[in-house]
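Residue-level listing of the chains:
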Amino acid sequence: MTASCCRLLYFLSALTIATTYAQEPIDDAIEDNGLSNLNLPPCPATSYEISQYGPDTPLSACILYDLNPRNDDALVNSTINSTNATQPSSFTEVGLVQVTPSGCHNHRDGANTAVSKLNNDNDGRGVAIGHFGTSYIKFRLISIIGGNNNNIGNDAYSVVHEEILDEVFQNVDNVHFMLGSCSFASANDKPMALKHAKIVLSQVGPPGFYMDVANNPYVFGIHVNSDTYSLPALKALQFHLDATGESTKKQPVRVVYRDRSEFFKSTCRSAIDAATLQGFDVTAIEFNPDGEETPGVPNSQNVEFLEGLADQLCSADEGPNTNNAAVIACVQERDADVMLARMRLNGCRPTLAWFTTATWGWAARNSDSIPFFLGGGQWHENFAYSDKYFENGKAVLEYGKEKFGYMGSYDHVVSYAMPMLIVELLTSFFKIADSPNVTDTLVNRYEEIRRSLTNINAHTIFGPVSFNEYQRNDGRAAAGMQWVQKGNATAFQLGCISPLDQADVPIVIPSPSSLPCPPGSHLDQKLVEGDPAILADKCTLCPAGTFAQYENTNLQCQQCPEGSTSLEGANYCVATKDNLTSVGLQVLGMIFVVISWSSTIGYMVWLYLKRKDPVVKMSQPESLFLLCVGAFISTSAIIPLTLAEAAPGESTRGASAACRSIPFLYSLGWVLMYTSLTAKSWRLFKVARNAELARRVRVSVREIYVMVAVVLLVDVSILIAWVVVAPLQYIRTNV
């Protein structure tokens, strides 16, 4: 049996199985221009719901959307409603067809949004064309899901995909353009575009997809070149080395990539070519994920094999005359997980890490690993490109969330831009025509339309669109991205670093982990091996008693020389001095105490011996005695003042007690001295005053003692309150 017979039998069997999912066949009365001839049922669920079908859920070919401008309510899937705008009496219908596997919900729904907006334009009349703007076109979108490739496999799906497109072009009138499918199915659009001479806008990044333009001139790529994804990172690294006067020859660039995928292979091969041209020390590591280095175990599942690749990417020590390697990896998510774990264990500190996975869902699931990772893509939400319907691409996604129930990806924005690009093509083509004959042009002058597309310079919400000699979009550069902290935010966000006119953050190269540690810090081995963020700072402050004078990559700081010390994070040490009172001063203080005590005791003895002397009696010996006691107590404060200290490491309990005794001794002695002098003066004043009045008065010693006692009691009360509320403490501080 021939291959063509097998393909036909498979297609017919798929149509037979489809009846198990059919809700109601498309009404023949509807003006469908032959769509009912396909005998395809409506799809059993929404676009997003179908995208979630797993390998155990069968799905045969079905019609998801038929946005027919002649039948506003002829939207097959009843869960999504088309516009109910009033129809004008005359317009030209332009047909779009899109066939996708189950998982391509963004591609389907982005196109749906665009066609709905265009057909509602000009109060429901559609898009105005021609010199006078009095002619109108509307779009019919036929969106067909070819099946669940997760259930039947990609090869079997490809058969159905091509057969459906072939049937559409043979049976349905007025189908003029193909909106490209997604993923592997994009390749199935190409032969049908050539066979039926219809333009297809493909959503494929690798340039190899478009190289056969001479044989198939109907394939146009709206995606920008994915080979340029990693180039902003390499260019920024070159600028850094030039600025620091370092040679690119000393900078290793290690590139690892899968060879089974055109995207992975061409993206990383482009990086290899660019790095080689820039003079970097390049190492290319190609591997076959489906090969079996260990028999029976595919390389993509072989942890030991993947760890071996990581060992080639970077090791713990790149050598004294080289910088840490720049790592570029075109790999799948599990590859990235295994390789990064091994690189951490190796103590790697890459200058940069550009991974294909950095802009995928993998990044959200590995938020602790992605700081400063670089990646690339077709679009970034910071892009400010707009059109008459939406302020930017993010607004398209917000609209899609409200309409379809999920937040889409860049594929949603690209698919929205494709019908808009066709509008720009047709409006520019008919710009000078008084009465455009769109139908005749699309039938008899289609080659002129195709050639016009090769020369278009359009402005879409996806960005500027123009086509190079291979008919792929080179209107703008790819979106370069990096996980950075924006503004005062602590969490890392995916910032846009290129194109420069759309960038919202500057690129961070080299990575913080690859830089030498600043003075006062050292490389922390625990962070190098244990921190999930392989590109984050790996330095920690020098502990007290150590120092790092210069930038370094040492695993520990230097110990301070004997007799010196430092604080945490120091870049120098200082000589240590206990700063205690010298023995000489202590001895001198004690000498003064002895002199004072001796003098005081001597005076007190003399007063006792001369207590009956008239001169002494007139001098009030009681007051003089209290004055000597006060001097004795006050001078005693020198003793705790000398003892109130503790060497480093010693208990400060005794020193604190000595501190608290100082105000007691000094204050009580001072109060006793001056209170006794005050009492003596008061006694003399009282005697002299009464003598002037010729009165006899007697002032007893008891009155003097009461006066002194009252003042002492007040003083003691204040001192005790001080000790209770805020006692003095001896505290040593480093200065």
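This text follows the structure it describes.
Quick look at the structure, then. (Residues numbered from 1 in each chain as written. Predicted model: local features only at pLDDT ≥ 70, side-chain atom pairs only at ≥ 80, totals over all residues. Heavy atoms only, no water.)

1. Overview of the overall build of the protein
Turning to step 1, where the next piece is worked out: When its secondary structure is counted, the protein shows 23 helices and 23 strands.
Turning to step 2, where the next piece is worked out: On C-alpha atoms alone, the protein measures out to a radius of gyration of 45 Å, which is more than a quarter above the 27 Å that the 2.2 N^0.38 rule sets for 735 residues.
Turning to step 3, where the next piece is worked out: With the C-alpha coordinates aligned to their principal axes, the bounding extent of the protein is approximately 150 × 65 × 50 Å.
Turning to step 4, where the next piece is worked out: Across the 735 residues in the protein, those meeting the buried criterion constitute 50%. (Helix = DSSP H or I, 4+ residues; strand = E, 2+ residues; numbered from the N terminus. Rg over C-alpha atoms; globule rule 2.2 N^0.38 Å. Buried < 20%, exposed > 50% of the residue type's maximum accessible area, 1.4 Å probe, protein only.)

2. Section: the nonpolar core
Turning to step 1, where the next piece is worked out: Ranked by internal contacts, the top residues of the largest apolar core, which has 89 residues, are Phe-139, Ile-144 and Phe-177.
Turning to step 2, where the next piece is worked out: Broken down by element, this core gets its largest block of residues, twelve residues, from helix H14 (residues 410-429).
Turning to step 3, where the next piece is worked out: In contact with Ile-144, other than residues within four places in its own chain, are Leu-38, Leu-40, Cys-62, Ile-63, Leu-64, Gln-98, Val-99, Thr-100, Ile-164 and Val-168.
Turning to step 4, where the next piece is worked out: Within the second largest apolar cluster, 30 residues are counted, among which are Phe-305, Cys-314, Trp-362 and Leu-535. (Core = buried A, V, L, I, M, F, W, Y, C linked by side-chain atoms within 4.5 Å. Contact = heavy atoms within 4.5 Å.)

3. Re helix H7 (residues 186-196)
Turning to step 1, where the next piece is worked out: All of the buried residues along H7 are Ser-186, Asn-188, Asp-189, Lys-190, Met-192, Ala-193 and His-196.
Turning to step 2, where the next piece is worked out: The inward-facing, buried residues of H7 abut helix H6 (154-171), strand S5 (177-179), strand S6 (199-202) and strand S7 (219-224).
Turning to step 3, where the next piece is worked out: Downstream of H7 by a residue or two, Ala-197 has a phi angle that is positive, lying close to 55 degrees.

4. Describing the state of the cysteines
Turning to step 1, where the next piece is worked out: By the definition in use, this model includes seven disulfides.
Turning to step 2, where the next piece is worked out: The residue that forms a disulfide with Cys-104 is Cys-182, at a sulfur-sulfur distance of 1.5 Å. Of this pair, Cys-104 sits in the loop between strand S2 (92-101) and helix H3 (105-119) while Cys-182 is found in the loop between S5 and H7, placing the two residues 78 residues apart along the sequence.
Turning to step 3, where the next piece is worked out: By relative accessible area, Cys-104 is classed as buried at 3%. (Disulfide = S-S within 2.5 Å.)

5. What about the packing of helix H20 (residues 621-635) against helix H23 (residues 701-725)?
Turning to step 1, where the next piece is worked out: Running from N to C, H20 and H23 cross one another at 30 degrees; their axes reach a closest spacing of 10 Å. Considering the angle they form, H20 stands roughly parallel to H23. Every pair of crossing elements has a handedness; the one defined by H20 and H23 is right-handed. Facing Glu-622, Ser-623 and Leu-626 of H20, the residues of H23 in contact are Val-701, Ile-704, Tyr-705 and Val-708.
Turning to step 2, where the next piece is worked out: For the contact of H20 with H23, the residue count by class is five nonpolar, one polar and one charged. (Axes fitted to C-alpha atoms, helices over the stretch in contact; angles between N-to-C directions. Parallel < 35°, antiparallel > 145°, perpendicular 65-115°, else oblique. Left-handed = near helix turned anticlockwise from the far one by under 90°. Nonpolar A, V, L, I, M, F, W, Y, C, P; charged D, E, K, R; others polar.)

6. Let's talk about the environment of Ala-395
Turning to step 1, where the next piece is worked out: Here Ala-395 shows up in helix H13 (residues 393-404).
Turning to step 2, where the next piece is worked out: Looking at Ala-395, the relative accessible area reads 23%, which means it is partly exposed.
Turning to step 3, where the next piece is worked out: Taking the C-alpha atoms as reference points, Ala-395 and Glu-381, 14 residues apart in sequence, are found 9.2 Å from one another.

7. Things to note about the packing of helix H10 (residues 303-313) against helix H11 (residues 333-345)
Turning to step 1, where the next piece is worked out: Between H10 and H11, whose axes approach to 8 Å, the crossing angle comes to 60 degrees. Looking at the two axes, H10 sits oblique to H11. Of the two elements, H10 crosses H11, and the hand of that crossing is right-handed. Only Arg-334, Asp-335, Val-338, Met-339, Arg-342 and Met-343 of H11 make contact with H10, whose side of the interface consists of Val-303, Leu-306, Glu-307, Leu-309, Ala-310, Asp-311 and Leu-313.
Turning to step 2, where the next piece is worked out: Residue composition of the contact of H10 with H11, by class: eight nonpolar, no polar and five charged.

8. What about empty space enclosed by the protein?
Turning to step 1, where the next piece is worked out: Scanning the entire structure with this criterion turns up two cavities of 30 Å³ or more.
Turning to step 2, where the next piece is worked out: Taken as a whole, the second largest cavity encloses approximately 30 Å³ of empty space.
Turning to step 3, where the next piece is worked out: If you go around the second largest cavity, the residues you meet are Tyr-229, Pro-232, Ala-233, Trp-354, Leu-374, Gly-375, Gly-480, Met-481 and Ile-497.
Turning to step 4, where the next piece is worked out: Among the residues forming the lining of the second largest cavity, the class breakdown is seven nonpolar, two polar and no charged. (1 Å grid on protein atoms, 1.4 Å probe; cavity = no way out; pocket = protein on both sides within 12 Å on 5 of 7 lines; lining within 4 Å. Points joined across faces, edges and corners; volume = space filled by probe spheres on them.)

9. Some remarks on the packing of aromatic side chains
Two numbers describe a pair of aromatic rings. These are the distance of the centres and the angle of the planes.
Turning to step 1, where the next piece is worked out: Tallying each qualifying case throughout the model produces 18 aromatic pairs.
Turning to step 2, where the next piece is worked out: Ring centres of Tyr-48 and Tyr-406 lie 5.0 Å apart, and the angle between their planes is 20 degrees; this geometry places the pair in the stacked category. A residue pair is termed long-range when its members are at least 10 positions apart, and Tyr-48 in helix H2 (residues 47-51) and Tyr-406 in the loop between H13 and H14 qualify at 358 residues.
Turning to step 3, where the next piece is worked out: Taking the relative accessible area as the measure of exposure, Tyr-48 reaches 33% and is therefore partly exposed.
Turning to step 4, where the next piece is worked out: Considering the side-chain rings of Trp-597 and Phe-632, the 4.7 Å spacing of their centres and the 15 degrees angle between planes classify their relative orientation as stacked. Note that Trp-597 is positioned in helix H18 (residues 583-609) and Phe-632 in helix H20, a separation of 35 residues in sequence.
Turning to step 5, where the next piece is worked out: Using a relative accessible area of 26% as the deciding quantity, one classes Trp-597 as partly exposed.
Turning to step 6, where the next piece is worked out: A connected cluster of aromatic rings, assembled from ring pairs, spans Tyr-229, Phe-263, Phe-264 and Trp-360.
Turning to step 7, where the next piece is worked out: Geometry around Phe-209 places Lys-190 over its ring, the cationic atom sitting 4.2 Å from the centre.
Turning to step 8, where the next piece is worked out: Its end group placed over the ring of Tyr-608, Arg-611 keeps NZ or CZ at 4.2 Å from the ring centre. (Phe/Tyr/Trp six-rings, centres within 6.5 Å; stacked < 30°, edge-to-face > 60°. Lys NZ or Arg CZ within 6 Å of the ring centre and 35° of its normal.)

10. Brief notes about the pattern of salt bridges
Turning to step 1, where the next piece is worked out: Enumeration according to the criterion identifies 15 salt bridges in this entry.
Turning to step 2, where the next piece is worked out: Residues Lys-195 and Asp-166 are paired through a salt bridge, measuring 2.9 Å at the closest nitrogen-oxygen approach. Here the residue Lys-195 occupies a position in helix H7, and Asp-166 occupies one in helix H6, the gap between them amounting to 29 residues.
Turning to step 3, where the next piece is worked out: In this structure, Arg-260 engages Asp-259 in a salt bridge whose closest nitrogen and oxygen atoms are separated by 2.8 Å. (Salt bridge = Lys/Arg side-chain N within 4 Å of Asp/Glu carboxyl O.)

11. A short note on unusual backbone geometry
Turning to step 1, where the next piece is worked out: Residue Pro-499 follows Ser-498 across a cis peptide bond; omega there is 0 degrees.
Turning to step 2, where the next piece is worked out: Relative to the assigned elements, Pro-499 resides in the loop between strand S17 (493-498) and strand S18 (521-523).
Turning to step 3, where the next piece is worked out: In the segment running from Ile-509 into Pro-510, the intervening peptide bond is cis, with an omega of 0 degrees.
Turning to step 4, where the next piece is worked out: One non-glycine residue with positive phi stands out, namely Asp-123, at about 55 degrees.
Turning to step 5, where the next piece is worked out: Position of Asp-123 relative to the elements: it lies in helix H4 (residues 121-124).
Turning to step 6, where the next piece is worked out: Residue classification places Asp-123 among the exposed residues on the basis of a relative accessible area of 70%.
Turning to step 7, where the next piece is worked out: In this structure, Gln-471 is a non-glycine residue whose phi angle is positive, near 60 degrees.
Turning to step 8, where the next piece is worked out: Following the sequence through the fold, Gln-471 ends up in the loop between strand S14 (463-465) and strand S15 (472-473).
Turning to step 9, where the next piece is worked out: A residue is classified by how much of its surface remains accessible, and Gln-471, at 6% relative accessible area, is buried.

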